[in-house]
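An overview of the molecular structure
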Amino acid sequence: MLSTGMRHLAVYSILLLLLAGCGVGGDMGEAYNNVKPDGNSSENALENPSVNSAPAADAGADRNVVIGSVVTLDGRACADADGDTLIYSWSIVFLPEGSAAVLSDPAITSPAFTVDMLGTYVISLIVNDGKSDSAADVVIITAVAPAIPVTSTIPDTGQEICLDDSGQILCPSSGSPHYGQDAQYSANPMSFTDNDDSTVTDNVTGLMWQKINDGKVYSWYEAAGIYDAAHNPGTEDVCGSLTLSGFSDWRLPSKRELMSIVNYGTYYPSINTAYFPDATSDYYWTSSEYPAGGSAWFVSFYLGFISPAAKDSDNYVRCVRGPYASTDDFTDNGNGTVTDNNTKLMWQQKDDSGNRSWQEALSYCEDLDLADHTDWRVPDIKELESLVDYSVSAPSINAGYFPDTKFSASSYWSSTSSLNPVYAWQIIFNGGNVSFDAKNSNSFSMKHYVRCVR
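Residues numbered from 1 in each chain as written. Predicted model: local features only at pLDDT ≥ 70, side-chain atom pairs only at ≥ 80, totals over all residues. Heavy atoms only, no water.

**Comments concerning the overall build of the protein chain**
Within the protein chain, the secondary structure is distributed over seven helices and 21 strands. In the protein chain, buried positions account for 48% of the 454 residues. Counted over contacts in the protein chain with a minimum sequence separation of 6, partners at least 24 positions apart contribute 64%. Accessible surface for the protein chain amounts to roughly 20,200 Å². Of this, 51% is attributable to carbon and sulfur atoms. (Helix = DSSP H or I, 4+ residues; strand = E, 2+ residues; numbered from the N terminus. Buried < 20%, exposed > 50% of the residue type's maximum accessible area, 1.4 Å probe, protein only. Contact = heavy atoms within 4.5 Å. Areas by Shrake-Rupley, 256 points an atom, 1.4 Å probe, with all protein chains shown as cover.)

**Here we look at the pairing of strand E20 (residues 423–428)**
Of the strand pairs in this sheet, strand E19 (residues 412–417) and E20 are connected by three bridges, and their pairing is antiparallel. Within the sheet, the bridge partner assigned to Trp 413 lies in E20 and is Gln 426. Here six bridges tie E20 to strand E21 (residues 433–438), and the two strands are oriented antiparallel to one another. Residue pairing in the sheet places Ile 428 in a bridge with Asn 433 of E21. In this antiparallel pair of consecutive strands, E20 and E21, the connection spans four residues, and Gly 432 shows a positive phi of 120°. (Pairing = 2+ DSSP bridges.)

**Quick notes on the pattern of salt bridges**
Think of it this way: side chains of opposite charge can pair up when their charged atoms draw near. Going through the model one piece at a time under the given rule, you end up with 15 salt bridges. With a shortest N-O distance of 3.2 Å, Arg 318 and Asp 278 are connected by a salt bridge. Of this pair, Arg 318 sits in the loop between strand E14 (306–310) and strand E15 (320–321) while Asp 278 sits in the loop between helix H5 (255–259) and strand E12 (283–289); the two residues are 40 residues apart in sequence, bridging distant segments of the chain. Judged by its relative accessible area of 21%, Asp 278 falls in the partly exposed class. (Salt bridge = Lys/Arg side-chain N within 4 Å of Asp/Glu carboxyl O.)

**Points about the side chain of Asp 182**
Looking at the element boundaries, Asp 182 is found in the loop between strand E8 (167–169) and strand E9 (192–194). The charged side chain of Asp 182 is buried without a salt bridge, its nearest counter-charge being Arg 377 at 7.3 Å. At 2.7 Å, the side chain of Asp 182 and the side chain of Thr 157 are in polar contact. Within the structure, the side chain of Asp 182 is placed 2.7 Å from the side chain of Thr 416, a separation counted as a polar contact. (Lys, Arg positive; Asp, Glu negative; His and termini not counted. Polar contact = N/O pair within 3.5 Å; in protein donor to acceptor, adjacent residues only side chain to side chain.)

**A short note on the sheet that holds strand E1 (residues 63–66)**
The four strands are arranged E1-E6-E5-E3 in an open sheet whose pairing can be described as mixed. Of all strands in the sheet, those with a lone pairing partner are E1 and strand E3 (87–94), marking the two edges. Each neighbouring strand pair of the sheet contributes to a mean axis angle of 30°, computed without reference to strand direction. As defined by bridge partners, E1 adjoins strand E6 (residues 137–144) across four bridges and the pair is classed as parallel. Opposite Asn 64, over in E6, you have Thr 142 as the bridge partner. (Axes fitted to C-alpha atoms, helices over the stretch in contact; angles between N-to-C directions.)

**So, the side chain of Ser 134**
Checked against the element boundaries, Ser 134 lands in the loop between strand E5 (119–128) and E6. Under the relative-accessibility criterion, Ser 134 is labelled buried at 5%. Other than its neighbours up to four places away in sequence, Ser 134 contacts Pro 55, Ala 56, Ala 57, Ile 126 and Val 127.

**So, the state of the cysteines**
Counted according to the given criterion, the structure contains three disulfides. Two residues share a disulfide in this structure: Cys 239 and Cys 319, whose sulfurs sit 2.1 Å from each other. Handedness of the Cys 239-Cys 319 disulfide follows from its S-S torsion of about -90°: it is left-handed. With Cys 239 in the loop between helix H4 (220–224) and H5 and Cys 319 in the loop between E14 and E15, this residue pair connects regions lying 80 residues apart in the sequence. (Disulfide = S-S within 2.5 Å.)

**What to know about the nonpolar core**
Across soluble globular proteins, nonpolar side chains have a tendency to be buried as a group. Among the nonpolar cores identified, the biggest contains 39 residues, and Ile 261, Phe 276, Phe 301, Phe 429 and Val 434 are the most heavily contacted of them. Secondary-structure elements contributing two or more residues to this core are H5, strand E13 (295–300), helix H7 (381–385) and E20. Non-local contacts of Val 434, meaning those with residues more than four positions away in its chain, are made with Met 259, Tyr 264, Gly 304, Phe 305, Ile 306, Ile 381, Glu 385, Trp 425, Gln 426 and Ile 427. Within the second largest apolar cluster, 21 residues are counted, among which are Leu 118, Cys 239, Trp 285 and Phe 298. (Core = buried A, V, L, I, M, F, W, Y, C linked by side-chain atoms within 4.5 Å.)

**Things to note about the sheet that holds strand E18 (residues 346–348)**
One open sheet holds the three strands; their spatial order is E16-E17-E18, and the pairing between them is antiparallel. Strands with a single pairing partner mark the edges of an open sheet, and in this sheet they are strand E16 (330–332) and E18. Across this sheet, the average inter-strand angle for adjacent strands is 30°, counted without regard to direction. Taken together, the three bridges between E16 and strand E17 (residues 337–340) define a ladder with antiparallel strand orientation. The residue of E17 that forms the bridge with Thr 331 is Thr 339.

**Quick word on the packing of aromatic side chains**
Across all of its chains, the model carries 20 aromatic pairs by this definition. Between the aromatic rings of Tyr 412 and Tyr 449, the centroid separation amounts to 5.7 Å while the plane-to-plane angle is 35°, which identifies the pairing as tilted. Residue Tyr 412 is found in strand E19, and its partner Tyr 449 is found in the segment after E21; the two are separated by 37 residues along the sequence. With respect to class, Tyr 412 is no different from Tyr 449; both count as buried. These aromatic residues form a ring-pair network of at least three members: Tyr 264, Tyr 423, Trp 425 and Phe 436. Note that Lys 255 overlies the ring of Trp 297, its terminal NZ or CZ placed 4.5 Å from the centroid. Lying across the ring of Trp 358, Lys 439 places its NZ or CZ 4.1 Å from the centre. (Phe/Tyr/Trp six-rings, centres within 6.5 Å; stacked < 30°, edge-to-face > 60°. Lys NZ or Arg CZ within 6 Å of the ring centre and 35° of its normal.)

**Here's the deal with the confidence of the model for the protein chain**
Model confidence for the protein chain is summarised by a mean pLDDT of 86, while 87% of its residues fall at 70 or above. For the protein chain, the element scoring lowest by mean pLDDT is helix H2 (residues 26–33), at 34; E18 scores highest, at 98. Note on residues 1–12: pLDDT under 50 across the span, and 13 contacts to partners over four residues away in sequence or across chains. Within the model, the stretch residues 14–46 combines pLDDT values under 50 with 27 contacts to residues more than four positions away or in other chains. (pLDDT = per-residue confidence, 0-100.)

Put into structure tokens, the structure is as follows:
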């Protein structure tokens, strides 16, 4: 495949050849021989009405279009000084590698074709007035990837059943023990579209995913395209060098992005295998580095836990495309609450420093009356993770908006049960690890904090 630089060089070479070829020989040479020795062609034309003026081709303006678009060319600006009827001759002189684009009818004023690959298409137009050809004019059509409207909406976890520490139970009604579990507050259900081109689109976040990864493991340096003398001396870039379904803007997903496709309602693997059929219960690299250095985050699709690993260890890669989601954007409401302007969630600004079992945490948020709101709840694990700031540690949260966040010994509960009913998911804000702990241990060390959300 040609590099971008080589492709541009090829395009410019074609343009030079076309322009050079249109200035000599053929009908243009014959027209030159009919000009008076003094070079006054207009005077010659007045004295000899039979002298023909060559027509002028105009293939239209260069433009960028989204891949998959039908491009209609426009030759209506072509002109002939003598007013003769023009005969059109369009031709595609350069295509991206792998393209099968063809013109609908090269002999009409405005033929069309479909851009089926990313890259540059060069189309030439020559018109003839019945006596002589025009010089060739070219139009350059550049096929680009469509913009992806990525949102900051958090997908649901996929958990659909309520679990206490003894196993599956019917989801309790309000006021009952264990009320407030993940399954009782479902929003933004996970939703995917198989694009039938080896890609999958997440309908909640807008991100496009590689449907099937290459089945190989890489160091983080190779996965992220970062040079390392020992582990990536050739500067391999697994996602950055990927071309899939006509797209070449693939990248390694962030921790939050990769977590967005984890399904906490299933396990071995914790992902929807109808859309990601190759998924295994293994570790997958993210682009997010651990703030302490030397490590980067991975997502395990065994159950859905997230932890850092040494960058020289080997893990799988699933690539994504689309712009990164918006960075932190909070508003301190001045009433003990903070609003996340991206996700639209309102958070309890400070916890009450109480260590609780999971069931006690559920009850605490259900009973909380704060800032004239009584619809507080324990956040699910994806919502809670949205507060993690990967760039800092101890605490790994924006401490300006969430002061006094605990991080050294205890975690913060989520409302999401592990599929082992004894445990529930939690996050420790010392770095942002996603793990689980026993729900209802009487040990103080097994009790954790909670930050409510609405």
